[in-house]
Amino acid sequence: MPSVIVGRTGPFTGQSVVLGSEPLTFGRKSDNGVVIVSPSASRLHAEILVEDAGYVLHDRDSRNGTFVNDQRISRHALRPNDCIRIGDETFLYEAQDSMETLIDLSLLDVPRPSAADPGTLRVTITGGGPVGLAFALALDEMLPGRTAITLYDGRWTRKGPEIVWKDETQGNFRRQQVVTVQSRQYLALSEEVLSALFDDAGAYSEMWPVGPDSVDGRPPRNIRIAHIEDRLLALANRRPAIRLVPRRFEVEEQQNRLTQEHVLVVAEGGRSRTREHYADRFGAADASIYSLDGEHLQDIVLGLRVKSKLPDPMSVLLTVSQNRFLLNSLRGEGFLNMRLTREEARNVIGIDPVRQVFEECIATRPCLMSRQEEDNEFRCPTHGTLFLPALLRSSPLWKEIRQGLSLFGVAEDDLSAITSFRLDMVQRPRFTAQLRRPTASSPGTYGFLLGDAANAIHFWPGRGLNSGLASATSLARSLSRAWRGKPLRDADFIRHEAAMSMLQYRHKSRAWNAMVTTDEQGVTRAIKDIIARSAEAGSGAGPGPASGGACGPASDGAPRAAADGSDLDALLERMAGIRDRLGARLPGLPTDDELRSHLAPISPLTLRTLRESGAWDTLIVGGEEADIDLFYQSDSPVYVPRPADPRALPLA
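Source: prediction; values computed, not measured.

Looking now at the environment of Ala-470. In this structure, Ala-470 sits in helix α14 (residues 464-482). By relative accessible area, which is 1% here, Ala-470 ends up buried. Measuring from C-alpha to C-alpha, the distance between Ala-470 and Ala-499 comes to 8.7 Å, with 29 residues separating the pair along the chain. Residues contacting Ala-470, with those up to four places away along its chain left out, are Gln-185, Leu-503 and Ile-628.

Quick look at the structure:
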């Protein structure tokens, strides 16, 4: 019989690899012969080579060392029953001569070696956005050759032998929003995925400074969602274990097929129909925790696709010093997001120019209204509607949009499209559920919520995609550890469920602080309502001295906003304090004179709104990132000891 390496603890437990004349490598990189998922393992950690008719284990300059029988080695000639430890995982070396000897493996506390195929883990994923794709790729890397993954998305189409994203002519309007990915998340990706996302330096920027979230001093990276989706889909096309289906997943039609699947992963967004189909299994979401005075709080945000001429340090300082506008861009190109008041949200309307009727096109449906060359208006290509506030150039909403453009150095002609987002949050009781129990003819199916289907998070603090990527990594790790070819159990996902609960608490606490603020008297109010009251108090304000205009009486008798410069001075004082805190981490921040000159053209009413909206709560929004590695540092049982041998129990 051949010599083998047998998994003793970790995801490889009970499996064996036959040693031959070719080297066997160990490490975190997906092309190793044995992929180690432990974070303390190096990408290429160790290697077994044939030398002098025997097998020799070499450490390949690993960061944390390779151990044999608890002794650190650089080179070691393997002997029967040697115990190899790499990271948190251990392996037993069984040589040819010892395999023919009767051994009581229970004395070694390892499973009996078996070359039998433990079975293929069959997985269906609904939703092929960044989270669904990242999960599929990670699971395939952690269980190489042992998965069959089917991924559905109706936004894809077939182009020759490959699956690609549909374009606008096919009714799919790609998400061009720029997202901020924290270093804790992108450094957890495999080398192949990292290279695909970041091999082109022009595809990302490092606009935001290093902070408590950063790992190894690496800053967050700004990158377009469409770029992430394109690169991940291209990788998935090349993976034999991943089958891409270019249509929307219909849970009612797939019931028979799902009976033969081990796992159903729901990653199709916050309005997932698949999740609602299984609502009785995952439990009802609780909206009360994100409510004020009995009202479930929502924000409506206008997304303005722009090209800003401001340098990144100026954009960062302007963004974090107030809560009305947020610019997240890639070298100036991205979306300027504007938080709307309740009244403004009611005015986000499309009008059908043919039928002359109003449509809530942009407010209730995620449409993208692009500026048309022929008439310079913003039109929805799906419904043919025009953005009404832009038609009425004197409308209060359009005037405030123009103020936001001016604040971030955007010429009106550099506003190319408008969309809107409806943002709210709920508390989910669980993220893991057994959908079907195993039977004689079916393996049993577990369901999991990932991404926005699990945690739809207000994007203002920039945590939505980060939470989604962390949840995908967590589930891939849990499944790779649990899968032994046997029915899955609730106990297999204790770590994942705990990680998901931590992500929900940490990231949504940040997001809640992007929706509300508490004053010195301890009263909590919605930021959108504070903005509304500020606008009402200064309604009718015309351009004051800061913009070179004159003051006149308000038509409705309301008082004008202060034009004495106090709001500007207060904003400058706030920005100076933020600049002092960021200066060491973000060079090139503007001086007081540069800020004053830049803000001078902004109307007094807008300056007051910016001031009263408050600065970002950076102590909470910028705190330490949730670290799911905490739940995957040990392979020991989480909650129960090994059952006692009944023969050793005392007689009653």
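Under the counting rule described, the total for this entry stands at twelve aromatic pairs. Taking the centre distance of 5.5 Å and the plane angle of 65° together, the rings of Phe-26 and Phe-91 count as edge-to-face. Of this pair, Phe-26 sits in strand β3 (residues 24-27) while Phe-91 is found in strand β11 (residues 89-94), placing the two residues 65 residues apart along the sequence. We note that Phe-26, like Phe-91, is buried. Connected via pairs of aromatic rings, a cluster forms that spans Tyr-186, Phe-198 and Tyr-204. Seen from the ring of Phe-67, Arg-85 lies directly overhead, with NZ or CZ sitting 4.2 Å from the centre. Taking the ring centre of Phe-198 as reference, the NZ or CZ of Arg-221 above it sits at 4.7 Å.

Remark: helix α17 (residues 566-582) packs on helix α18 (residues 592-599), axes separated minimally by 10 Å, with the N-to-C direction vectors making an angle of 140°. Taken together, the axes of α17 and α18 lie oblique to each other. For the pair α17 and α18, the crossing hand works out as right-handed. On the side of α17, the interface is formed by Leu-568, Asp-569, Leu-572, Met-575, Ala-576 and Arg-579, while α18 contributes Asp-592, Leu-595, Arg-596 and Leu-599. For the contact of α17 with α18, a count of residues per class yields six nonpolar, no polar and four charged.

For the rest of this paragraph, the subject is the confidence of the model for the protein. Counting all residues, the mean pLDDT for the protein is 84, and 86% of those residues have values of 70 or more. Highest mean pLDDT in the protein belongs to strand β20 (residues 263-266) (98); lowest belongs to helix α1 (residues 96-99) (43).

What follows covers the packing of helix α9 (residues 312-320) against α18. Packing of α9 against α18 leaves a shortest axis separation of 12 Å and a crossing angle of 70°. Viewed along their axes, α9 and α18 adopt a mutual orientation that is roughly perpendicular. Contact residues: α9 offers Met-314, Leu-317 and Leu-318, while α18 offers Glu-594, Leu-595, His-598 and Leu-599. Residues belonging to the contact of α9 with α18 are distributed by class as follows: five nonpolar, one polar and one charged.

Okay, empty space enclosed by the protein next. Taken as a whole and judged by the stated rule, the model has three cavities of 30 Å³ or more. Roughly 50 Å³ of internal volume is contained in the largest cavity. Lining the largest cavity are Val-181, Tyr-186, Leu-189, Leu-197, Phe-198, Ile-223, Ile-228, Leu-465 and Leu-469. Where the lining of the largest cavity is concerned, the elements lending two or more residues are α4 (191-198) and α14.

What follows is about the pattern of salt bridges. It is possible for side chains bearing opposite charge to pair when their charged atoms get close. Within this structure, the stated rule accounts for 29 salt bridges. Arg-342 is the salt-bridge partner of Glu-295, the closest N and O atoms lying 2.8 Å from each other. With Glu-295 in strand β22 (residues 295-296) and Arg-342 in helix α10 (residues 342-346), this residue pair connects regions lying 47 residues apart in the sequence. Overall, Glu-295 belongs to the partly exposed group, its relative accessible area being 34%. The exposure class of Arg-342 is partly exposed, given its relative accessible area of 31%. Each member of the salt-bridge network shares a partner with another, and the members are Asp-140, Glu-141, Glu-192 and Arg-239.

What counts, and where the lines are drawn
- Residues numbered from 1 in each chain as written.
- Predicted model: local features only at pLDDT ≥ 70, side-chain atom pairs only at ≥ 80, totals over all residues.
- Heavy atoms only, no water.
- Helix = DSSP H or I, 4+ residues; strand = E, 2+ residues; numbered from the N terminus.
- Buried < 20%, exposed > 50% of the residue type's maximum accessible area, 1.4 Å probe, protein only.
- Contact = heavy atoms within 4.5 Å.
- Phe/Tyr/Trp six-rings, centres within 6.5 Å; stacked < 30°, edge-to-face > 60°.
- Lys NZ or Arg CZ within 6 Å of the ring centre and 35° of its normal.
- Axes fitted to C-alpha atoms, helices over the stretch in contact; angles between N-to-C directions.
- Parallel < 35°, antiparallel > 145°, perpendicular 65-115°, else oblique.
- Left-handed = near helix turned anticlockwise from the far one by under 90°.
- Nonpolar A, V, L, I, M, F, W, Y, C, P; charged D, E, K, R; others polar.
- pLDDT = per-residue confidence, 0-100.
- 1 Å grid on protein atoms, 1.4 Å probe; cavity = no way out; pocket = protein on both sides within 12 Å on 5 of 7 lines; lining within 4 Å.
- Points joined across faces, edges and corners; volume = space filled by probe spheres on them.
- Salt bridge = Lys/Arg side-chain N within 4 Å of Asp/Glu carboxyl O.

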